[in-house]
Amino acid sequence: MTAMDLREVTDRTSWRDPSPPSLPPVEVPTCTHPPDAEIGAGRVDLFGIDHDDVARFHRTSRGLTHAYTAGRPHDGAVLKHVPMGYTQLYDHEKVAVVLDGRVLRLWAARGTVQAFDLVVPPSSGQDLLVLGASHPVRYAVGEACNLSARLPGVPVLVARRLAEHGWH
């Protein structure tokens, strides 16, 4: 694809904006202890668009882990560094990063699950926001574009929800 056409987006689509704008710095609450704990190898920026391999990350009601590109988390790292207690643990795969209604990057899926979330970082005094999104993937990306157009300068991450675990 030379231009992003959401009607053509499938789970196999990989796309990069040929001249993306600079992303603003993004800080999100972490659910790991210590905050910089290594959960998986190949650490990448959660909202970054400069890595080619699809990345994974985890989420609880307390926040997010860093993103990593090396398949599965280190054995026991999630159990060791993500505190349990009255929450759910979600395993996610990065799908796309959108800014100002524009898709900056889209990664081809490793997983086949058709459950998606939109992750909006804290901004203007608002907390981290995670919203369920429609499937298939082209609808989730379209919803992210629609939402990000209403949040100027705030990136939106589209994530495939691979699994959910009771984390008590």
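What you see is a predicted model; the values in this text were computed from it and never measured.

Novice: I'd like to hear about the overall build of the chain, residue by residue, with values.
Specialist: In terms of helices and strands, the chain carries two helices and ten strands. The C-alpha atoms of the chain give 15 Å as radius of gyration, which agrees with the globular expectation for 168 residues (15 Å, within 12%). With respect to the three principal axes, the spread of C-alpha positions in the chain is 45 × 35 × 25 Å. The buried share of the chain, taken over its 168 residues, is 45%. Total accessible area on the chain is roughly 8,500 Å²; 51% of this is exposed by carbon and sulfur atoms. Positive and negative side-chain charges of the chain, numbering 17 and 19 respectively, have mean locations separated by a distance of 3 Å.

Novice: I'd love a proper account of the nonpolar core, names of residues and values included.
Specialist: Membership of the largest hydrophobic core comes to 19 residues, with the highest contact counts inside it found for Val95, Val103, Leu106, Phe116, Val141 and Val158. Secondary-structure elements contributing two or more residues to this core are strand 6 (87-99), strand 7 (102-106), strand 8 (116-120), helix 2 (137-149) and strand 10 (156-167). Residue contributions to this core peak at five residues, all from helix 2. With residues up to four places along the chain from it excluded, the contact list for Val158 reads Glu93, Lys94, Val95, Ala96, Phe116, Asp117, Leu118, Ala140, Val141 and Ala144. Core analysis: the second largest hydrophobic core is formed by 16 residues, Ile49, Ala55, Phe57 and Val119 among them.

Novice: Could you give an account of the packing of aromatic side chains, with specific residues and numbers?
Specialist: For the structure shown, the criterion picks out zero aromatic pairs. Taking NZ or CZ as reference, Arg138 lies 5.0 Å from the ring centre of Tyr139, over its face.

Novice: Can you lay out the pattern of salt bridges for me, pointing to particular residues and giving the numbers?
Specialist: Under the definition given, this model contains nine salt bridges. Across the salt bridge formed by Asp17 and Arg102, the nearest N and O atoms sit 2.6 Å from each other. Here Arg102 lies in strand 7 and Asp17 lies in the loop between strand 1 (15-16) and strand 2 (43-44), a separation of 85 residues in the sequence. Residue classification places Asp17 among the buried positions, given a relative accessible area of 5%.

Novice: Tell me about the environment of Cys145, residues and numbers included.
Specialist: Of note, Cys145 is situated in helix 2. Using a relative accessible area of 11% as the deciding quantity, one classes Cys145 as buried. A C-alpha to C-alpha distance of 8.1 Å links Cys145 and Val156, two positions eleven residues apart in sequence. Sequence-distant contacts of Cys145, defined by excluding residues within four places in its chain, comprise Leu6, Val98, Gly101 and Val103.

Novice: Could you give an account of the side chain of Arg105, naming the residues involved and the relevant values?
Specialist: Inspection of the secondary structure puts Arg105 in strand 7. Overall, the relative accessible area of 3% leaves Arg105 in the buried class. Looking at Arg105, its side chain comes within polar contact range of the main-chain oxygen of His51, at 3.0 Å. If near-sequence neighbours (up to four positions away) are discounted, Arg105 is found in contact with Trp15, Arg16, Ile49, Asp50, His51, Asp52, Val95, Ala96 and Val97.

Novice: I'd like a rundown of the confidence of the model for the chain, residues and numbers included.
Specialist: Per-residue confidence for the chain gives a mean pLDDT of 93, with 96% of residues at or over 70. Model confidence for the chain, summarised as mean pLDDT per element, is weakest for helix 1 (residues 77-81) at 91 and strongest for strand 8 at 98.

Novice: Describe the environment of Pro155, listing the residues and the values that go with them.
Specialist: Among the secondary structure elements, Pro155 is positioned in the loop between helix 2 and strand 10. What makes Pro155 buried here is its relative accessible area of 2%.

What counts as what
Residues numbered from 1 in each chain as written. Predicted model: local features only at pLDDT ≥ 70, side-chain atom pairs only at ≥ 80, totals over all residues. Heavy atoms only, no water. Helix = DSSP H or I, 4+ residues; strand = E, 2+ residues; numbered from the N terminus. Rg over C-alpha atoms; globule rule 2.2 N^0.38 Å. Buried < 20%, exposed > 50% of the residue type's maximum accessible area, 1.4 Å probe, protein only. Areas by Shrake-Rupley, 256 points an atom, 1.4 Å probe, with all protein chains shown as cover. Lys, Arg positive; Asp, Glu negative; His and termini not counted. Charge placed at Lys NZ, Arg CZ, Asp CG, Glu CD. Core = buried A, V, L, I, M, F, W, Y, C linked by side-chain atoms within 4.5 Å. Contact = heavy atoms within 4.5 Å. Phe/Tyr/Trp six-rings, centres within 6.5 Å; stacked < 30°, edge-to-face > 60°. Lys NZ or Arg CZ within 6 Å of the ring centre and 35° of its normal. Salt bridge = Lys/Arg side-chain N within 4 Å of Asp/Glu carboxyl O. Polar contact = N/O pair within 3.5 Å; in protein donor to acceptor, adjacent residues only side chain to side chain. pLDDT = per-residue confidence, 0-100.

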